Amino acid sequence: MQAQLMELASQLGLWFRPYQSQCAMAIIATLLVLFGGEISQSIRQLIKQQHLVVRTLIFVVVCAFGYGAATVWLSALLTDLLARIPTPYLVPAVVSVFVGLGLYAQKQRHI
């Protein structure tokens, strides 16, 4: 029975392996959704005394370039980390991450 479960987990991992970069991006996007409000609030507190033009420029830089660069860079980093997970454990690890993020979102009343 255990050998069959490991074989199934290996087959699922092999099927999933080509999609690990998309999964990594989905995890990073989820993290940015969950924590983006707090990040934006912190930045807003730091720049609230600045001129409208400066605040607008900082907003554009942070949102367009900051979040975009974070998504690209962190997704690549997470893809590399996912590549290090042994194939039979890849799908359970990814499912666990998403369940954990979902539970956190529920606890924080995001959903």
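Preceding this paragraph is the structure being described.
Criteria and thresholds
Residues numbered from 1 in each chain as written. Predicted model: local features only at pLDDT ≥ 70, side-chain atom pairs only at ≥ 80, totals over all residues. Heavy atoms only, no water. Helix = DSSP H or I, 4+ residues; strand = E, 2+ residues; numbered from the N terminus. Expected span 1.5 Å × (residues − 1). Bend = angle between axes of the 7 residues up to and from the residue. Buried < 20%, exposed > 50% of the residue type's maximum accessible area, 1.4 Å probe, protein only. Contact = heavy atoms within 4.5 Å. Phe/Tyr/Trp six-rings, centres within 6.5 Å; stacked < 30°, edge-to-face > 60°.

Peer 1: What am I meant to see in helix H3 (residues 52-83) here?
Peer 2: One turn of an α-helix holds 3.6 residues; hence residues three or four places apart share an orientation. Taking 1.5 Å per residue, 32 residues should reach 46 Å; H3 reaches 44 Å between its end C-alpha atoms and fits that length. Along H3, the helix axis deviates most sharply at Val-62, where the bend reaches about 30 degrees. Within the span of H3, buried status applies to Tyr-67, Thr-71, Ser-75, Leu-78, Thr-79 and Leu-82. In this structure, the buried side of H3 is in contact with helix H2 (20-47) and helix H4 (87-107).

Peer 1: Please explain the packing of aromatic side chains as it appears in this structure.
Peer 2: What describes a pair of aromatic rings is the distance from one ring centre to the other and the angle between the planes of the rings. If you walk through the whole model with that rule in mind, you get 3 aromatic pairs. Their ring planes at 35 degrees and their centres at 5.3 Å tell us that Phe-35 and Tyr-104 sit as a pair that is tilted. A residue pair is termed long-range when its members are at least 10 positions apart, and Phe-35 in helix H2 and Tyr-104 in helix H4 qualify at 69 residues. What makes Phe-35 partly exposed here is its relative accessible area of 31%.

Without other data, these values stay purely geometric and don't point to any function.
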